[in-house]
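Residues per chain, in single letters:
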Amino acid sequence: MIASHLLAYFFTELNHDQAQKIDKYLYHMRLSEETLQEVSERFGKEMEKGLGADTNPTASVKMLPTFVRSTPDGTEDGDFLALDLGGTNFRVLRVKVSDNGLQKVEMENQIYAIPEELMRGSGVQLFDHIAECLANFMEKLKIKDKKLPLGFTFSFPCYQTKLDESILVTWTKGFKCSSVEGKDVVSMLRKSIKKRGDFDIDIVAVVNDTVGTMMTCGYDDHNCEVGLIVGTGTNACYMEEMRHIDLVEGDEGRMCINMEWGAFGDDGVLNDIRTEFDREIDMGSLNPGKQLFEKMISGMYMGELVRLILVKMTKEGLLFGGNLTPDLLTTGHFETRFVSAIEKEKEGLQKAHEILTKLGLEPSHEDCVATHRICQIVSTRSANLCGATLAAVLRRIKENKGLDRLRSTVGVDGSVYKKHPHFARRLHKTVRKLLPDCEIRFVRSEDGSGKGAAMVTAVAYRLAAQHKARQKILEALKLSHEQLMEVKQRMRVEMENGLGKETHAEATVKMLPTYVCSTPDGTEKGDFLALDLGGTNFRVLLVRVRNGMRRGVEMHNKIYSIPVEIMQGTGEELFDHIVHCISDFLEYMGMKGVSLPLGFTFSFPCQQTNLDEGILLKWTKGFKATGCEGEDVVGLLKEAIHRREEFDLDVVAVVNDTVGTMMTCGYEDPYCEVGLIVGTGSNACYMEEMRNVELVEGEEGRMCVNMEWGAFGDNGCLDDVRTEFDVAVDELSLNPGKQRFEKMISGMYLGEIVRNILMDFTKRGLLFRGRISERLKTRGIFETKFLSQIESDCLALLQVRSILQHLGLESTCDDSIIVKEVCTVVARRAAQLCGAGMAAVVDKIRENRGLDFLKVTVGVDGTLYKLHPHFSTVMHETVKELSPKCEVTFLQSEDGSGKGAALITAVACRIREAGQR
């Protein structure tokens, strides 16, 4: 008993000693964690080079765009063909993908041989042969009458410019067909099929087997965004952000990059870790100096590396008693599968003995132990290097996504990964060591080159069908030049109706006279007070207007709040509160007892019968003070001033904020005769000829008309351009059927329109994988400021995703692109409609004056106009297109409701004084 134990111990020690000897001898092949980290970092730099437009031509890692822009989401459906050509045999497959709640893939395939003479014949003969085999396969399955989509796995170095176009760079693997290199293989196959004329297929995609691997795994695991092959050769692909891919136009979304990573090191960056054995293998290969990384790790070379080490050690008398055999000296006689066999847990040493004996050697136990250890070192180095480069890819994905922790899946295929007993485990371990902050899952791919090609095609088909469906829905929101001209014409008709005495009562666009008859001429001067009441806060301002050399406006203001109980109490309480605030302000400014002219911006619907008289038609914005509707607000204000008996004010003008906007800009620019507000709401005003304002006596001069254009369309005249989404937003609003134009263009509603479209898309399975979240059903969550943020050009899709996440919407990259597109379409339409309305206004001014050409300025205010990145540009373009005879300048107003009211007062005072003189 003791003897056998001693013997076992002796053998273990012997094995250990022998292994240590080998470890010393192959010191350079055993890579430390620091070295692997360094390799990983170098590979990251090589990736950068391959992606950059300037550095790509000289980069060794080519990072080829594949034009595959999306991975499967599980809703793929349909019947597809796949063609897999990558060696002496090729396969034709039929792949049925079904999604009726259960993702299912059924496959049938047939293998066809490519005779030796065809591999070296002409390209036309090769593709004719492939077409014939396709016909034979379709005949057998009785599907020749169907036009099925086909995916083509073509595993040779290619340069792609589109998903369905692939230009062969060079033949490899023993192929030498003439006149194919430099040509598009898809069009060659199409020609061969067309020439036959007995069937038709739609070639949708050409794929590389690595991409196929990623897509096959991606069907079962939606986190899969990397494909890896470690077999005879090695390569990887992953999903990169479009903004980093210089070689392809566009910054939106992602695209799969075929890295061609076997060539890593071809520029010398791995020279310090390559050993004499690596150099020897390279010298003896078919392509010296090329694919150096592949030669260190892939199956084609692993056995050969072991053979070279065995030969050298034997020559030095360290193995087999220094006896070499012809078999051991023959290139390729130590196969990679031997490495796998020798490294098996139980029977490894016995296998080593068998294999070495077959090579004509007479191995001792020590020789077998040594060979085992050599195999271990070579295959471990391979797994470690592969793990180092893979870690660089995953680190890049993590950084692209801006995550602290990445959860991702790698789809893997290849004989070394699948058949070597320890390769996969070692590879996973290296990745975990180098990326401790990532959770990486590895999934074995089943038939990446066949099923994968069909998957790429299925995804392309799904994307195309979904894109078509979305475009069809969005079509209703895209307005043609003719439609916009029609809107302009109708606005003109409504304007005439509002101005006419007979038609005014029925008109939707009310065209209210404001009694403001002149814009500033620059000679205004003096101190004026302004009140600005339009919401829960109100402001009192002192505005000093100077003329002459020191021409300008200086302002002081104070903001006061209006408590809810006063907003909803009596009119007397409300106006007493306002006067109390004016008194406080005058004291604060040290101007008690001074009687100043005052302008009152009162942003509620009013009927004016004079500049200083405004009858409140109805309260809005939450005000409910009793005894005010139907009364003149200036009268109510004056009574409150008298009740207080502290000071006296001369209330000169009641103004609407749109008119204030026009006046503020008019002070800067004498051509300004139009005011426009596009913010939460929308409205416009302009200087109309008195002869056309039938509601007011007198023919001479001009008067500013407050259009109240938000109500345009309330009589149904815009029904043909309104969509189901506009109707939905209107029906759920506080004032259904009212302010329809405003609901299509102003900030208060655009986000709601977008939300309704996104809901519709999701219900149809065109967005968010068809899952409607509770948040998306909530009215008002999609604020208009999000539209501005999502559309700003500098915003990467990552930020769009984080806005959507903030709304509780889990989105993929594709979803973000779609949301951005919806926002663009909705905002563009709003700007165009606004432009059409504005075109009607400026053309009316031009025709009023009988001019062939009008130069006019529009004063503009409002958050949507000022903050949205594209609204103003689109609106300006539309006005230019629809009113070519007008040169329209847009000027942003600063504080129309405060400064504007004071300027109207100043103009009125100037005119009044001139009259007195």
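Residues numbered from 1 in each chain as written. Predicted model: local features only at pLDDT ≥ 70, side-chain atom pairs only at ≥ 80, totals over all residues. Heavy atoms only, no water.

## Details of the overall build of the protein
Then, in step 1: Within the protein, the regular secondary structure consists of 29 helices and 26 strands.
Then, in step 2: Relative to the compact-globule value of 29 Å for 917 residues, the protein shows a C-alpha radius of gyration of 39 Å, a clear excess of over 25%.
Then, in step 3: Overall, the protein is about 130 × 70 × 50 Å in size when its C-alpha atoms are taken along their principal axes.
Then, in step 4: Per-residue burial for the protein yields a buried fraction of 57% across its 917 residues.
Then, in step 5: Within the structure as shown, the protein displays about 39000 Å² of accessible surface, and the carbon and sulfur contribution to it stands at 50%.
Then, in step 6: Counting 113 positive and 135 negative side-chain charges, the protein places the averaged centre of each group 5 Å from the other. (Helix = DSSP H or I, 4+ residues; strand = E, 2+ residues; numbered from the N terminus. Rg over C-alpha atoms; globule rule 2.2 N^0.38 Å. Buried < 20%, exposed > 50% of the residue type's maximum accessible area, 1.4 Å probe, protein only. Areas by Shrake-Rupley, 256 points an atom, 1.4 Å probe, with all protein chains shown as cover. Lys, Arg positive; Asp, Glu negative; His and termini not counted. Charge placed at Lys NZ, Arg CZ, Asp CG, Glu CD.)

## Considering a negative patch on the surface
Then, in step 1: On the surface, a cluster of negative charge is contributed by E572, E573, E631 and E639.
Then, in step 2: Structurally, E572 can be placed in helix 18 (residues 571-588). (Patch = residues over 30% accessible without salt bridge, like charges linked within 9 Å, V, L, I, M, F, W, Y side chains within 5 Å. Salt bridge = Lys/Arg side-chain N within 4 Å of Asp/Glu carboxyl O.)

## With respect to helix 11 (residues 348-358)
Then, in step 1: Considered for burial, the residues of helix 11 that qualify are G348, A352, I355 and L356. Looking straight down helix 11, one finds its buried side chains confined to an arc of 95°; they lie on one side. Turned more than 90 degrees off the buried face of helix 11, the exposed positions are Q350 and K358.
Then, in step 2: Once helix 11 ends, the next one or two residues include G360, with phi positive near 85°. (Arc of directions from axis to C-beta.)

## Let's talk about the sheet that holds strand 14 (residues 512-513)
Then, in step 1: Read across the open sheet, the 6 strands follow the order 14-24-23-22-25-26; overall the sheet is mixed. Sheet topology places strand 14 and strand 26 (886-892) at the edges, where each strand pairs with a single neighbour.
Then, in step 2: Summarising the sheet, strand 14 and strand 24 (residues 702-706) pair through 2 bridges and their orientation is antiparallel. Each residue of the ladder has a partner; that of L512, found in strand 24, is N706.
Then, in step 3: Relative to strand 23 (residues 682-689), helix 26 (residues 813-848) is tilted by about 5°, and along the sheet it contacts strand 22 (672-678), strand 23, strand 25 (854-861) and strand 26. (Pairing = 2+ DSSP bridges. Contact = heavy atoms within 4.5 Å. Axes fitted to C-alpha atoms, helices over the stretch in contact; angles between N-to-C directions.)

## Notes on the sheet that holds strand 16 (residues 537-546)
Then, in step 1: The strand order across the open sheet formed by 5 strands is 17-16-15-18-21, and the pairing between neighbours is mixed. The sheet is open, and its two borders are formed by strand 17 (552-561) and strand 21 (650-655), each paired with just one other strand. Looking at each pair of strands side by side, their axes are set apart by 20° on average, direction ignored.
Then, in step 2: As paired strands, strand 18 (residues 597-602) and strand 21 are joined by 5 bridges and run parallel to one another. Paired with T601 across the two strands is V655, which belongs to strand 21.
Then, in step 3: Lying over the sheet, helix 18 contacts strand 15 (526-533), strand 16, strand 17 and strand 18, oriented at roughly 130° with respect to strand 17.
Then, in step 4: Sheet strands touched by helix 20 (residues 657-668): strand 16, strand 17, strand 18 and strand 21. Its angle to strand 21, the strand with the most contacts, is close to 105°.

## Regarding the packing of helix 16 (residues 481-499) against helix 26
Then, in step 1: The geometry of helix 16 relative to helix 26 is characterised by a closest axis approach of 8 Å and an angle of 55° between their N-to-C directions. Taken together, the axes of helix 16 and helix 26 are oblique relative to one another. As for how helix 16 packs across helix 26, the hand of that crossing is right-handed. Contacts between helix 16 and helix 26 involve L484, V487, K488, M491, R492, M495, E496 and L499 from the first element and Q832, L833, A836, G837, A839, A840, V841, D843, K844 and E847 from the second.
Then, in step 2: Of the residues belonging to the contact of helix 16 with helix 26, the class tally is 10 nonpolar, 2 polar and 6 charged. (Parallel < 35°, antiparallel > 145°, perpendicular 65-115°, else oblique. Left-handed = near helix turned anticlockwise from the far one by under 90°. Nonpolar A, V, L, I, M, F, W, Y, C, P; charged D, E, K, R; others polar.)

## Thoughts on the nonpolar core
Then, in step 1: In this structure, L676, Y686, M707, W709, F782 and M838 are the most contacted members of the largest nonpolar core, which totals 114 residues.
Then, in step 2: Sort the elements by how many residues they give to this core and helix 26 lands first, with 18 residues.
Then, in step 3: Apart from residues no more than four positions distant in its own chain, L676 is found in contact with T658, T661, N683, A684, W709, C834, M838, V858, G859, V860, D861 and M875.
Then, in step 4: Among the nonpolar cores identified, the runner-up in size contains 111 residues, and L51, V211, A391 and F442 belong to it. (Core = buried A, V, L, I, M, F, W, Y, C linked by side-chain atoms within 4.5 Å.)

## What about unusual backbone geometry?
Then, in step 1: Despite not being glycine, M63 has its phi angle at roughly 50°, a positive value.
Then, in step 2: Here M63 is to be found in the loop between helix 2 (33-51) and strand 1 (64-65).
Then, in step 3: Take M63: its relative accessible area is 1%, and that puts it in the buried class.
Then, in step 4: Unusually for a residue other than glycine, F67 sits at a positive phi of about 65°.
Then, in step 5: The topology assignment puts F67 in the loop between strand 1 and strand 2 (78-85).

## Some words on the side chain of K488
Then, in step 1: For K488, the location among the structural elements is in helix 16.
Then, in step 2: Residue K488 is classed as buried on the basis of its relative accessible area of 8%.
Then, in step 3: When neighbours within four sequence positions are excluded, K488 is seen to be in contact with A836, A839, A840, D843, L882 and S883.

## Things to note about helix 9 (residues 299-315)
Then, in step 1: For helix 9, spanning 17 residues, the distance from its first C-alpha to its last is 25 Å, which sits close to the expected 24 Å at 1.5 Å a residue.
Then, in step 2: Burial analysis of helix 9 places 14 of its 17 residues in the buried class, the great majority of the element.
Then, in step 3: In the stretch just after helix 9, G317 is the one whose phi turns positive, near 75°. (Expected span 1.5 Å × (residues − 1).)

## Considerations on the confidence of the model for the protein
Then, in step 1: Per-residue confidence for the protein averages 88 on the pLDDT scale, and 97% of its residues sit at or above 70.
Then, in step 2: Per-element mean pLDDT across the protein ranges from 64 in helix 1 (residues 2-25) up to 97 in helix 16.
Then, in step 3: Confidence over residues 6-11 falls short of pLDDT 50; this stretch has 1 contact with residues more than four positions distant or in other chains. (pLDDT = per-residue confidence, 0-100.)

## A look at the pattern of salt bridges
Working definition: two side chains of opposite charge can pair if their charged atoms are close together.
Then, in step 1: Per the counting criterion, the structure on display carries 69 salt bridges.
Then, in step 2: Across the pair D23 and R373 runs a salt bridge, and its minimum N-O distance is 2.6 Å. Here D23, found in helix 1, pairs with R373, found in helix 12 (residues 365-401); they are 350 residues apart in sequence, far enough to count as distant.
Then, in step 3: We note a salt bridge from D272 to R42, for which the minimum N-O separation is 2.8 Å. With D272 in the loop between strand 11 (254-258) and helix 7 (276-283) and R42 in helix 2, this residue pair connects regions lying 230 residues apart in the sequence.
Then, in step 4: Judged by relative accessible area, which is 55%, D272 ranks as exposed.
Then, in step 5: Each of the salt bridges in this network shares a partner with another, and the network as a whole consists of K488, R492, E496, D843, R846 and E847.

## A word on the packing of aromatic side chains
Then, in step 1: This model, assessed by the stated rule, comprises 19 aromatic pairs.
Then, in step 2: With centroids separated by 5.7 Å and ring planes inclined at 80°, the aromatic side chains of F43 and W261 adopt a geometry described as edge-to-face. Of this pair, F43 sits in helix 2 while W261 sits in the loop between strand 11 and helix 7, and the two are 218 residues apart along the sequence.
Then, in step 3: For W261, a relative accessible area of 0% translates into the label buried.
Then, in step 4: Centroid distance F80 to Y461: 6.0 Å. Interplanar angle 85°. Geometry classified as edge-to-face. A residue pair is termed long-range when its members are at least 10 positions apart, and F80 in strand 2 and Y461 in helix 15 (residues 451-475) qualify at 381 residues.
Then, in step 5: Aromatic ring contacts, followed pair by pair, group F600, F602, F604, W619 and F623 into a single cluster.
Then, in step 6: Above the plane of the ring of Y588 lies K558, whose end atom (NZ or CZ) is 4.6 Å from the centre.
Then, in step 7: Here the guanidinium or amino end of K855 rests over the ring plane of Y671, the centre of that ring lying 4.8 Å away. (Phe/Tyr/Trp six-rings, centres within 6.5 Å; stacked < 30°, edge-to-face > 60°. Lys NZ or Arg CZ within 6 Å of the ring centre and 35° of its normal.)

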